[in-house]
Amino acid sequence: MLRALIALMLTLSFFSVAQAQEAETPVSDRSATGGAQTLEDILARQRGEEVDNSFRSESIGDPDSAAGLANQLGTLGGASDPELWRALRFGEANITASNNGPAATTLVQDGGMRWLTFRQGPLISFAGYLLGGTLLLLLIFFLVRGRIRIDGEKTGRKIERFKAIERIAHWMLAGSFIVLGLTGIITLIGRKFLIPLFGHDAFATLAIGSKWVHNNVSWAFMIALVMIFVMWVIHNLPDRTDLHWLRKGGGIFSKGHPPAKKFNAGQKLIFWSVIVLGTSISVTGLALLFPFEINMFAATFSKLQAIGITHLPGMGELPTTLAPHEEMQYAQLWHALVSFVLIAIIFAHIYIGTVGMEGAYDAMGSGEVEEQWAREHHSLWVDEVKAKEVETPKAPESATPAE
Ligand code: HEM
(Lines give C-alpha, C1' and ligand atoms only; values in the text may rest on other atoms or scores of the structure.)
Protein backbone atom coordinates (compact mmCIF):
# COMPACT_ATOMS: atom_id res chain seq x y z
CA MET A 1 0.00 0.00 0.00
CA LEU A 2 2.80 2.39 0.93
CA ARG A 3 4.58 1.96 -2.39
CA ALA A 4 1.68 3.02 -4.51
CA LEU A 5 0.92 5.98 -2.24
CA ILE A 6 4.46 7.23 -2.55
CA ALA A 7 4.22 6.69 -6.29
CA LEU A 8 1.31 9.01 -6.58
CA MET A 9 2.81 11.54 -4.21
CA LEU A 10 5.75 11.65 -6.56
CA THR A 11 3.55 12.04 -9.57
CA LEU A 12 2.00 15.00 -7.72
CA SER A 13 -1.49 14.58 -8.67
CA PHE A 14 -4.94 14.61 -7.28
CA PHE A 15 -5.80 11.11 -6.44
CA SER A 16 -3.95 8.29 -4.88
CA VAL A 17 -2.62 4.90 -4.27
CA ALA A 18 -1.19 2.12 -2.14
CA GLN A 19 -0.27 -1.52 -2.08
CA ALA A 20 1.25 -3.70 0.60
CA GLN A 21 5.00 -3.98 0.69
CA GLU A 22 6.18 -6.41 -1.87
CA ALA A 23 8.66 -9.16 -1.74
CA GLU A 24 9.43 -11.95 -4.13
CA THR A 25 6.31 -14.01 -4.70
CA PRO A 26 6.92 -17.18 -2.68
CA VAL A 27 6.75 -20.33 -4.74
CA SER A 28 4.46 -22.61 -2.84
CA ASP A 29 4.14 -26.32 -3.33
CA ARG A 30 0.38 -26.80 -3.37
CA SER A 31 0.36 -30.45 -4.34
CA ALA A 32 -0.44 -31.48 -0.76
CA THR A 33 -3.60 -29.33 -0.74
CA GLY A 34 -4.76 -30.39 -4.16
CA GLY A 35 -4.04 -26.92 -5.52
CA ALA A 36 -5.71 -24.97 -2.69
CA GLN A 37 -3.75 -22.37 -0.74
CA THR A 38 -1.20 -23.53 1.81
CA LEU A 39 -0.27 -22.30 5.26
CA GLU A 40 2.78 -20.67 3.65
CA ASP A 41 0.48 -18.67 1.34
CA ILE A 42 -1.52 -17.43 4.31
CA LEU A 43 1.58 -16.57 6.38
CA ALA A 44 3.15 -14.77 3.42
CA ARG A 45 0.06 -12.60 3.08
CA GLN A 46 0.09 -11.85 6.80
CA ARG A 47 3.73 -10.74 6.46
CA GLY A 48 2.50 -8.21 3.90
CA GLU A 49 4.07 -10.03 0.95
CA GLU A 50 2.26 -10.11 -2.34
CA VAL A 51 1.01 -13.59 -3.15
CA ASP A 52 0.07 -14.40 -6.72
CA ASN A 53 -3.60 -15.19 -6.30
CA SER A 54 -4.27 -16.39 -9.81
CA PHE A 55 -4.42 -20.02 -8.63
CA ARG A 56 -7.47 -18.96 -6.61
CA SER A 57 -9.00 -16.22 -8.74
CA GLU A 58 -9.01 -18.50 -11.78
CA SER A 59 -10.42 -21.47 -9.92
CA ILE A 60 -14.03 -20.40 -9.53
CA GLY A 61 -15.69 -23.30 -11.31
CA ASP A 62 -17.14 -23.49 -14.76
CA PRO A 63 -20.84 -24.30 -14.58
CA ASP A 64 -20.87 -25.29 -18.25
CA SER A 65 -18.31 -28.05 -17.84
CA ALA A 66 -19.64 -29.26 -14.51
CA ALA A 67 -21.17 -32.68 -14.17
CA GLY A 68 -24.94 -32.54 -14.49
CA LEU A 69 -27.06 -32.57 -11.35
CA ALA A 70 -28.53 -35.95 -12.09
CA ASN A 71 -25.14 -37.56 -12.85
CA GLN A 72 -23.02 -39.44 -10.40
CA LEU A 73 -20.93 -36.78 -8.50
CA GLY A 74 -23.01 -34.05 -10.12
CA THR A 75 -22.84 -30.63 -8.47
CA LEU A 76 -25.53 -28.27 -7.30
CA GLY A 77 -25.57 -25.63 -10.00
CA GLY A 78 -22.17 -26.49 -11.39
CA ALA A 79 -19.72 -24.86 -8.98
CA SER A 80 -18.57 -26.36 -5.70
CA ASP A 81 -18.76 -24.40 -2.43
CA PRO A 82 -15.05 -23.44 -2.42
CA GLU A 83 -15.39 -22.34 -6.02
CA LEU A 84 -18.39 -20.22 -5.15
CA TRP A 85 -16.55 -18.57 -2.22
CA ARG A 86 -13.56 -17.87 -4.43
CA ALA A 87 -15.87 -16.28 -6.99
CA LEU A 88 -17.34 -14.09 -4.21
CA ARG A 89 -13.88 -13.25 -2.92
CA PHE A 90 -12.63 -12.13 -6.35
CA GLY A 91 -15.81 -10.29 -7.34
CA GLU A 92 -16.68 -12.80 -10.08
CA ALA A 93 -19.88 -14.25 -8.64
CA ASN A 94 -23.15 -13.37 -10.26
CA ILE A 95 -24.91 -11.80 -7.28
CA THR A 96 -28.38 -10.35 -7.01
CA ALA A 97 -28.90 -8.26 -3.88
CA SER A 98 -32.16 -6.78 -2.58
CA ASN A 99 -30.26 -3.60 -1.72
CA ASN A 100 -29.14 -2.04 -4.97
CA GLY A 101 -26.56 0.36 -3.44
CA PRO A 102 -23.24 0.72 -5.31
CA ALA A 103 -21.35 -1.67 -3.03
CA ALA A 104 -24.17 -4.15 -2.40
CA THR A 105 -22.81 -6.89 -4.63
CA THR A 106 -19.30 -6.85 -3.14
CA LEU A 107 -19.67 -9.40 -0.36
CA VAL A 108 -15.95 -9.98 0.27
CA GLN A 109 -12.93 -7.72 -0.22
CA ASP A 110 -9.53 -7.96 1.40
CA GLY A 111 -8.18 -4.40 1.40
CA GLY A 112 -9.47 -3.60 4.88
CA MET A 113 -6.62 -5.01 6.92
CA ARG A 114 -3.93 -3.39 4.77
CA TRP A 115 -5.78 -0.08 5.03
CA LEU A 116 -6.22 -0.34 8.80
CA THR A 117 -2.59 -1.16 9.52
CA PHE A 118 -1.36 1.63 7.24
CA ARG A 119 -3.79 4.11 8.79
CA GLN A 120 -2.84 3.25 12.36
CA GLY A 121 0.89 2.93 11.77
CA PRO A 122 2.84 4.57 8.94
CA LEU A 123 0.24 7.31 8.35
CA ILE A 124 0.41 8.58 11.94
CA SER A 125 4.23 8.32 11.99
CA PHE A 126 4.46 10.23 8.69
CA ALA A 127 2.24 12.98 10.12
CA GLY A 128 4.25 13.17 13.34
CA TYR A 129 7.62 13.45 11.61
CA LEU A 130 6.36 15.89 8.96
CA LEU A 131 4.58 18.29 11.30
CA GLY A 132 7.16 18.00 14.09
CA GLY A 133 9.99 18.45 11.57
CA THR A 134 8.34 21.50 10.04
CA LEU A 135 7.87 23.16 13.43
CA LEU A 136 11.49 22.42 14.30
CA LEU A 137 12.74 23.90 11.01
CA LEU A 138 10.66 27.03 11.56
CA LEU A 139 12.09 27.39 15.06
CA ILE A 140 15.64 27.02 13.70
CA PHE A 141 14.85 29.53 10.94
CA PHE A 142 13.56 32.00 13.52
CA LEU A 143 16.66 31.57 15.70
CA VAL A 144 19.02 32.00 12.71
CA ARG A 145 17.24 34.73 10.75
CA GLY A 146 15.11 36.39 13.41
CA ARG A 147 12.09 38.50 12.54
CA ILE A 148 12.18 40.08 9.08
CA ARG A 149 11.89 43.75 9.98
CA ILE A 150 10.87 46.73 7.88
CA ASP A 151 14.35 48.01 6.87
CA GLY A 152 13.54 51.61 5.95
CA GLU A 153 11.92 54.48 7.80
CA LYS A 154 8.15 53.98 8.25
CA THR A 155 6.10 56.56 6.35
CA GLY A 156 2.96 56.50 8.48
CA ARG A 157 0.96 56.18 5.25
CA LYS A 158 -1.19 53.12 4.61
CA ILE A 159 -2.01 51.30 1.38
CA GLU A 160 -5.09 49.13 0.98
CA ARG A 161 -3.89 45.59 0.32
CA PHE A 162 -6.97 43.40 0.66
CA LYS A 163 -10.66 44.35 0.43
CA ALA A 164 -13.13 43.15 3.06
CA ILE A 165 -14.46 40.36 0.81
CA GLU A 166 -10.92 39.07 0.28
CA ARG A 167 -10.26 39.04 4.01
CA ILE A 168 -13.60 37.35 4.73
CA ALA A 169 -12.75 34.60 2.21
CA HIS A 170 -9.22 34.25 3.64
CA TRP A 171 -10.39 33.93 7.24
CA MET A 172 -13.17 31.57 6.23
CA LEU A 173 -10.55 29.39 4.52
CA ALA A 174 -8.12 29.71 7.43
CA GLY A 175 -10.73 29.19 10.17
CA SER A 176 -12.33 26.19 8.49
CA PHE A 177 -8.93 24.66 7.69
CA ILE A 178 -7.80 24.86 11.30
CA VAL A 179 -11.08 23.35 12.56
CA LEU A 180 -10.92 20.61 9.91
CA GLY A 181 -7.30 19.88 10.76
CA LEU A 182 -8.01 19.53 14.48
CA THR A 183 -11.18 17.44 14.12
CA GLY A 184 -9.51 15.29 11.45
CA ILE A 185 -6.54 14.58 13.70
CA ILE A 186 -8.86 13.72 16.60
CA THR A 187 -10.59 11.21 14.34
CA LEU A 188 -7.34 9.71 13.11
CA ILE A 189 -5.41 9.36 16.34
CA GLY A 190 -8.33 8.99 18.76
CA ARG A 191 -8.33 5.22 19.07
CA LYS A 192 -4.59 5.02 19.62
CA PHE A 193 -3.87 8.08 21.77
CA LEU A 194 -7.08 9.62 23.13
CA ILE A 195 -8.99 6.55 24.36
CA PRO A 196 -6.08 5.62 26.68
CA LEU A 197 -6.17 9.22 28.00
CA PHE A 198 -9.91 9.92 28.39
CA GLY A 199 -11.54 6.50 28.20
CA HIS A 200 -14.11 5.19 25.75
CA ASP A 201 -17.12 7.19 26.90
CA ALA A 202 -15.56 10.64 26.77
CA PHE A 203 -13.87 9.84 23.49
CA ALA A 204 -17.13 8.60 21.96
CA THR A 205 -18.71 12.01 22.57
CA LEU A 206 -15.63 13.80 21.27
CA ALA A 207 -15.48 11.59 18.18
CA ILE A 208 -19.15 12.05 17.30
CA GLY A 209 -18.81 15.84 17.74
CA SER A 210 -15.61 15.94 15.69
CA LYS A 211 -17.16 13.98 12.87
CA TRP A 212 -20.22 16.23 12.78
CA VAL A 213 -18.12 19.41 12.81
CA HIS A 214 -15.66 18.01 10.25
CA ASN A 215 -18.40 16.97 7.81
CA ASN A 216 -20.23 20.29 7.99
CA VAL A 217 -17.35 22.75 8.18
CA SER A 218 -15.91 21.15 5.02
CA TRP A 219 -18.43 23.15 2.99
CA ALA A 220 -17.06 26.45 4.31
CA PHE A 221 -13.57 25.35 3.27
CA MET A 222 -14.69 24.41 -0.24
CA ILE A 223 -16.65 27.63 -0.75
CA ALA A 224 -13.74 29.76 0.52
CA LEU A 225 -11.33 27.83 -1.70
CA VAL A 226 -13.37 28.71 -4.77
CA MET A 227 -13.62 32.38 -3.66
CA ILE A 228 -9.88 32.64 -3.09
CA PHE A 229 -9.16 31.03 -6.45
CA VAL A 230 -11.49 33.34 -8.36
CA MET A 231 -10.23 36.50 -6.62
CA TRP A 232 -6.49 35.82 -6.64
CA VAL A 233 -5.68 33.56 -9.57
CA ILE A 234 -4.93 36.51 -11.83
CA HIS A 235 -2.25 37.74 -9.39
CA ASN A 236 -0.72 34.30 -9.08
CA LEU A 237 0.10 33.48 -12.67
CA PRO A 238 3.85 32.91 -12.90
CA ASP A 239 5.95 35.51 -14.71
CA ARG A 240 9.57 36.58 -15.16
CA THR A 241 9.77 38.55 -11.91
CA ASP A 242 9.30 35.24 -10.07
CA LEU A 243 12.52 33.78 -11.52
CA HIS A 244 14.50 36.80 -10.35
CA TRP A 245 12.81 36.69 -6.94
CA LEU A 246 13.61 32.99 -6.56
CA ARG A 247 17.24 33.48 -7.72
CA LYS A 248 17.64 36.07 -4.97
CA GLY A 249 16.04 33.68 -2.45
CA GLY A 250 13.38 36.33 -1.83
CA GLY A 251 16.10 38.52 -0.29
CA ILE A 252 15.64 36.64 2.95
CA PHE A 253 19.34 36.28 3.70
CA SER A 254 20.74 39.06 1.51
CA LYS A 255 20.66 42.84 1.53
CA GLY A 256 17.94 44.50 -0.52
CA HIS A 257 14.55 43.21 -1.63
CA PRO A 258 13.93 41.68 -5.08
CA PRO A 259 11.02 43.41 -6.84
CA ALA A 260 7.62 41.69 -6.68
CA LYS A 261 4.09 42.33 -7.86
CA LYS A 262 1.04 41.81 -5.62
CA PHE A 263 2.25 38.31 -4.74
CA ASN A 264 5.89 37.24 -4.80
CA ALA A 265 7.04 33.81 -6.01
CA GLY A 266 6.98 32.37 -2.48
CA GLN A 267 3.38 33.43 -2.04
CA LYS A 268 2.47 32.07 -5.46
CA LEU A 269 3.83 28.71 -4.34
CA ILE A 270 1.63 28.90 -1.25
CA PHE A 271 -1.36 29.91 -3.37
CA TRP A 272 -0.98 27.02 -5.82
CA SER A 273 -0.29 24.53 -3.02
CA VAL A 274 -3.51 25.62 -1.34
CA ILE A 275 -5.47 25.39 -4.60
CA VAL A 276 -4.07 22.07 -5.87
CA LEU A 277 -3.80 20.24 -2.55
CA GLY A 278 -6.99 21.87 -1.22
CA THR A 279 -8.89 20.65 -4.30
CA SER A 280 -7.45 17.17 -3.91
CA ILE A 281 -8.47 17.11 -0.25
CA SER A 282 -11.94 18.39 -1.18
CA VAL A 283 -12.51 15.80 -3.92
CA THR A 284 -11.41 12.89 -1.74
CA GLY A 285 -13.41 14.40 1.14
CA LEU A 286 -16.53 14.38 -1.04
CA ALA A 287 -15.81 10.75 -1.92
CA LEU A 288 -15.81 9.98 1.82
CA LEU A 289 -18.90 12.11 2.46
CA PHE A 290 -20.90 10.28 -0.21
CA PRO A 291 -19.69 6.68 0.19
CA PHE A 292 -19.19 4.63 -2.99
CA GLU A 293 -20.52 7.39 -5.24
CA ILE A 294 -17.23 8.93 -6.40
CA ASN A 295 -14.67 6.36 -7.55
CA MET A 296 -11.47 7.72 -8.99
CA PHE A 297 -8.52 5.63 -7.90
CA ALA A 298 -8.81 2.68 -10.27
CA ALA A 299 -9.23 5.15 -13.16
CA THR A 300 -6.23 7.23 -11.98
CA PHE A 301 -4.09 4.11 -11.62
CA SER A 302 -5.02 3.02 -15.15
CA LYS A 303 -3.97 6.42 -16.48
CA LEU A 304 -0.68 6.30 -14.56
CA GLN A 305 -0.14 2.79 -15.87
CA ALA A 306 -0.85 3.99 -19.41
CA ILE A 307 1.72 6.81 -19.22
CA GLY A 308 4.31 4.28 -18.07
CA ILE A 309 4.78 5.52 -14.51
CA THR A 310 5.02 1.94 -13.29
CA HIS A 311 8.20 1.41 -15.31
CA LEU A 312 10.07 3.89 -13.13
CA PRO A 313 12.66 2.34 -10.79
CA GLY A 314 11.10 0.97 -7.63
CA MET A 315 7.62 1.05 -9.09
CA GLY A 316 5.46 -1.94 -9.88
CA GLU A 317 1.99 -2.69 -11.12
CA LEU A 318 -0.83 -0.56 -9.74
CA PRO A 319 -4.25 -2.08 -9.08
CA THR A 320 -6.53 -0.99 -11.91
CA THR A 321 -9.64 -2.78 -10.72
CA LEU A 322 -10.76 -1.97 -7.20
CA ALA A 323 -13.71 -2.98 -5.09
CA PRO A 324 -15.87 0.01 -4.03
CA HIS A 325 -14.56 -0.41 -0.48
CA GLU A 326 -10.97 -0.24 -1.69
CA GLU A 327 -11.78 3.01 -3.51
CA MET A 328 -12.93 4.36 -0.14
CA GLN A 329 -9.78 3.10 1.60
CA TYR A 330 -7.55 4.90 -0.91
CA ALA A 331 -9.71 8.03 -0.66
CA GLN A 332 -9.27 8.11 3.12
CA LEU A 333 -5.50 7.60 2.98
CA TRP A 334 -4.94 10.16 0.24
CA HIS A 335 -7.24 12.66 2.01
CA ALA A 336 -5.20 12.37 5.20
CA LEU A 337 -1.77 12.32 3.55
CA VAL A 338 -2.40 15.39 1.41
CA SER A 339 -3.96 17.20 4.36
CA PHE A 340 -0.81 16.67 6.41
CA VAL A 341 1.35 18.00 3.58
CA LEU A 342 -0.87 21.10 3.34
CA ILE A 343 -0.86 21.58 7.12
CA ALA A 344 2.97 21.59 7.05
CA ILE A 345 2.94 24.22 4.29
CA ILE A 346 0.38 26.28 6.19
CA PHE A 347 2.56 26.17 9.34
CA ALA A 348 5.21 28.03 7.34
CA HIS A 349 2.58 30.41 5.97
CA ILE A 350 1.22 31.24 9.43
CA TYR A 351 4.76 31.75 10.70
CA ILE A 352 5.65 34.31 8.02
CA GLY A 353 2.25 36.04 8.35
CA THR A 354 2.67 36.56 12.10
CA VAL A 355 5.95 36.35 14.06
CA GLY A 356 8.16 35.87 10.99
CA MET A 357 7.69 39.24 9.31
CA GLU A 358 7.00 42.67 10.73
CA GLY A 359 4.02 44.39 9.10
CA ALA A 360 2.66 41.33 7.24
CA TYR A 361 -0.30 40.54 9.50
CA ASP A 362 -1.92 43.95 8.92
CA ALA A 363 -2.60 42.93 5.32
CA MET A 364 -5.14 40.35 6.53
CA GLY A 365 -5.97 42.09 9.81
CA SER A 366 -7.03 45.60 8.87
CA GLY A 367 -6.51 45.15 5.13
CA GLU A 368 -4.04 48.07 5.05
CA VAL A 369 -0.26 47.92 5.14
CA GLU A 370 2.49 50.43 5.90
CA GLU A 371 3.66 51.93 2.60
CA GLN A 372 7.32 51.25 3.43
CA TRP A 373 6.55 47.55 4.02
CA ALA A 374 4.78 47.42 0.67
CA ARG A 375 7.70 49.15 -1.10
CA GLU A 376 10.17 46.65 0.35
CA HIS A 377 8.20 43.47 -0.34
CA HIS A 378 5.96 44.32 -3.30
CA SER A 379 7.62 47.27 -5.07
CA LEU A 380 6.06 46.64 -8.50
CA TRP A 381 2.61 46.37 -6.95
CA VAL A 382 3.05 49.71 -5.14
CA ASP A 383 4.05 51.30 -8.48
CA GLU A 384 0.86 49.90 -10.05
CA VAL A 385 -1.32 51.18 -7.17
CA LYS A 386 0.30 54.63 -7.33
CA ALA A 387 -0.11 54.77 -11.12
CA LYS A 388 -3.82 53.93 -10.76
CA GLU A 389 -4.23 56.64 -8.11
CA VAL A 390 -2.83 59.18 -10.58
CA GLU A 391 -5.24 57.98 -13.28
CA THR A 392 -8.30 58.05 -10.97
CA PRO A 393 -7.52 60.27 -7.98
CA LYS A 394 -9.62 59.53 -4.86
CA ALA A 395 -12.30 62.10 -4.05
CA PRO A 396 -11.40 64.08 -0.92
CA GLU A 397 -13.29 62.70 2.07
CA SER A 398 -15.04 65.99 2.87
CA ALA A 399 -16.25 66.47 -0.70
CA THR A 400 -20.01 66.87 -0.98
CA PRO A 401 -21.67 64.90 -3.73
CA ALA A 402 -22.81 66.86 -6.79
CA GLU A 403 -26.46 67.89 -6.61
C1 HEM B 1 -4.03 31.83 11.56
C2 HEM B 1 -3.61 31.53 10.40
C3 HEM B 1 -3.24 32.44 9.25
C4 HEM B 1 -2.65 33.68 9.23
C5 HEM B 1 -2.19 34.50 10.41
C6 HEM B 1 -2.56 34.08 7.85
C7 HEM B 1 -2.05 35.28 7.39
C8 HEM B 1 -2.01 35.70 6.09
C9 HEM B 1 -1.53 36.98 5.62
C10 HEM B 1 -1.01 38.09 6.51
C11 HEM B 1 -1.64 37.00 4.26
C12 HEM B 1 -1.29 38.17 3.34
C13 HEM B 1 0.14 38.18 2.91
C14 HEM B 1 0.40 39.44 2.10
O15 HEM B 1 -0.03 40.52 2.43
O16 HEM B 1 1.07 39.34 1.08
C17 HEM B 1 -2.17 35.71 3.85
C18 HEM B 1 -2.37 35.30 2.54
C19 HEM B 1 -2.81 34.06 2.15
N20 HEM B 1 -3.29 33.06 3.00
FE21 HEM B 1 -3.21 33.09 5.01
N22 HEM B 1 -3.06 33.07 7.08
C23 HEM B 1 -3.50 32.05 7.89
C24 HEM B 1 -4.04 30.83 7.51
C25 HEM B 1 -4.25 30.45 6.19
C26 HEM B 1 -4.78 29.16 5.80
C27 HEM B 1 -5.20 28.06 6.77
C28 HEM B 1 -4.81 29.14 4.43
C29 HEM B 1 -5.26 28.04 3.50
C30 HEM B 1 -5.61 26.85 3.84
C31 HEM B 1 -4.29 30.42 3.97
C32 HEM B 1 -4.14 30.77 2.67
C33 HEM B 1 -3.62 31.97 2.22
C34 HEM B 1 -3.33 32.26 0.84
C35 HEM B 1 -3.56 31.30 -0.36
C36 HEM B 1 -2.81 33.55 0.80
C37 HEM B 1 -2.27 34.30 -0.45
C38 HEM B 1 -0.85 33.88 -0.73
C39 HEM B 1 0.11 34.31 0.35
O40 HEM B 1 0.07 35.45 0.80
O41 HEM B 1 0.93 33.47 0.75
N42 HEM B 1 -3.98 31.19 5.07
N43 HEM B 1 -2.40 34.94 4.99
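**Examining the overall build of the chain**
Reasoning step 1: Helix and strand content of the chain: 15 helices and two strands.
Reasoning step 2: Counting across all 403 residues of the chain, residues that qualify as buried make up 23%.
Reasoning step 3: Put simply, of all contacts in the chain between residues at least 6 apart along the chain, 68% involve residues at least 24 apart.

**Quick look at helix α10 (residues 265-289)**
Helical geometry: 3.6 residues make up each α-helical turn, so side chains three or four residues apart lie on a common side.
Reasoning step 1: Taking 1.5 Å of rise per residue, the 25 residues of α10 would be expected to cover 36 Å, and the 35 Å separating its terminal C-alpha atoms lies within 8% of that figure.
Reasoning step 2: Those residues of α10 that fall on the buried side of the exposure criterion are A265, Q267, K268, V274, G278, S280, I281, T284, G285 and A287.
Reasoning step 3: Along its buried surface, α10 packs onto α8 (200-232), α9 (240-247) and α12 (324-353).

**Considering the environment of V179**
Reasoning step 1: Locating V179 in the fold gives a position in helix α7 (residues 164-198).
Reasoning step 2: It is 9.8 Å that separates the C-alpha atoms of V179 and F221, two residues lying 42 residues apart in sequence.
Reasoning step 3: When near neighbours in sequence (up to four residues on either side) are disregarded, V179 contacts V213 and V217.

**A word on the site of the ligand**
Reasoning step 1: Neighbouring residues of the ligand: 20 residues in total, closest A174, Q267, I270, G353 and A363.
Reasoning step 2: Every element with two or more residues in the shell around the ligand is listed here: α7, α10, α12 and α13 (361-365).
Reasoning step 3: The class makeup of the residues in the shell around the ligand is 14 nonpolar, five polar and one charged.

**Details of the packing of helix α6 (residues 122-145) against α12**
Between two packed helices, the angle of one axis relative to the other and the distance separating the axes together describe the packing.
Reasoning step 1: Look at α6 against α12: their axes get within 10 Å of each other, and the N-to-C directions meet at 10°. When the axis of α6 is compared with that of α12, the two are roughly parallel. Judged by residue contacts, L123, F126, A127, L130, L131, T134, L135 and L138 of α6 engage L333, A336, L337, F340, I343, A344, F347, A348 and Y351 from α12.
Reasoning step 2: Within the contact of α6 with α12, the residues separate by chemical class into 16 nonpolar, one polar and no charged.

**Looking at unusual backbone geometry**
Reasoning step 1: One non-glycine residue, F292, adopts positive backbone phi at about 70°.
Reasoning step 2: Here F292 lies in the loop between α10 and α11 (297-306).

**Here's the deal with the confidence of the model for the chain**
Reasoning step 1: Residues at a pLDDT of 70 or more form 88% of the chain, whose mean pLDDT is 88.
Reasoning step 2: Segment residues 8-24 is flagged for pLDDT under 50; beyond a separation of four residues in sequence, or across chains, it makes 47 contacts in the model.

**Details of the environment of L277**
Reasoning step 1: Looking at where L277 falls in the secondary structure, it is placed in helix α10.
Reasoning step 2: For L277, a count of 19 C-beta atoms within 10 Å corresponds to the partly exposed category.
Reasoning step 3: In this structure, the C-alpha to C-alpha distance between L277 and V338, residues 61 residues apart in sequence, is 6.4 Å.
Reasoning step 4: In this view, L277 contacts V338, V341 and L342; residues no more than four positions away in its chain are not counted.

**Topic: the nonpolar core**
Reasoning step 1: Membership of the largest hydrophobic core comes to 32 residues, with the highest contact counts inside it found for L173, L333 and L337.
Reasoning step 2: Secondary structure elements with two or more residues in this core: α6, α7, α8, α10, α11 and α12.
Reasoning step 3: When residues of this core are assigned to their parent elements, the largest contribution, 12 residues, is made by α12.
Reasoning step 4: The contact partners of L173, leaving out residues within four places of it in the chain, are F221, A224, L225 and I228.
Reasoning step 5: Membership of the second largest hydrophobic core comes to eight residues, among which are A363, V369, W381 and V382.

**Some details on α8**
Reasoning step 1: Here α8 contains 33 residues, and its C-alpha end-to-end distance of 45 Å stays within 8% of the 48 Å for a straight helix at 1.5 Å per residue.
Reasoning step 2: The largest bend along α8 reaches roughly 25° and is located at V217.
Reasoning step 3: Considered for burial, the residues of α8 that qualify are H214, S218, F221, A224, L225, I228 and W232.
Reasoning step 4: Looking at the packing, one finds that the buried side of α8 touches α7 and α10.

**Notes on the packing of α10 against α12**
Reasoning step 1: The interhelical angle for the contact between α10 and α12, taken along N-to-C directions, is 150°, at an axis separation of 9 Å. One finds that α10 runs roughly antiparallel with respect to α12. Where α10 crosses over α12, the two elements pack in a sense that is left-handed. Residue-level inspection shows I270, S273, L277, G278, S280, I281, T284, G285, A287 and L288 of α10 in contact with α12, the latter providing M328, A331, Q332, W334, H335, V338, S339, V341, L342, I345 and H349.
Reasoning step 2: For the contact of α10 with α12, the residue count by class is 12 nonpolar, nine polar and no charged.

**Quick notes on the environment of R191**
Reasoning step 1: Note on placement: R191 falls in helix α7.
Reasoning step 2: Sequence separation between R191 and F203 is 12 residues, and the spatial gap between their C-alpha atoms is 8.5 Å.

Parameters at a glance
- Residues numbered from 1 in each chain as written.
- Predicted model: local features only at pLDDT ≥ 70, side-chain atom pairs only at ≥ 80, totals over all residues.
- Helix = DSSP H or I, 4+ residues; strand = E, 2+ residues; numbered from the N terminus.
- Buried ≥ 20, exposed ≤ 12 C-beta atoms within 10 Å, placed from the backbone.
- Contact = placed C-beta atoms within 7 Å.
- Expected span 1.5 Å × (residues − 1).
- Near = placed C-beta within 6 Å.
- Nonpolar A, V, L, I, M, F, W, Y, C, P; charged D, E, K, R; others polar.
- Axes fitted to C-alpha atoms, helices over the stretch in contact; angles between N-to-C directions.
- Parallel < 35°, antiparallel > 145°, perpendicular 65-115°, else oblique.
- pLDDT = per-residue confidence, 0-100.
- Core = buried A, V, L, I, M, F, W, Y, C linked by C-beta atoms within 7 Å.
- Bend = angle between axes of the 7 residues up to and from the residue.
- Left-handed = near helix turned anticlockwise from the far one by under 90°.

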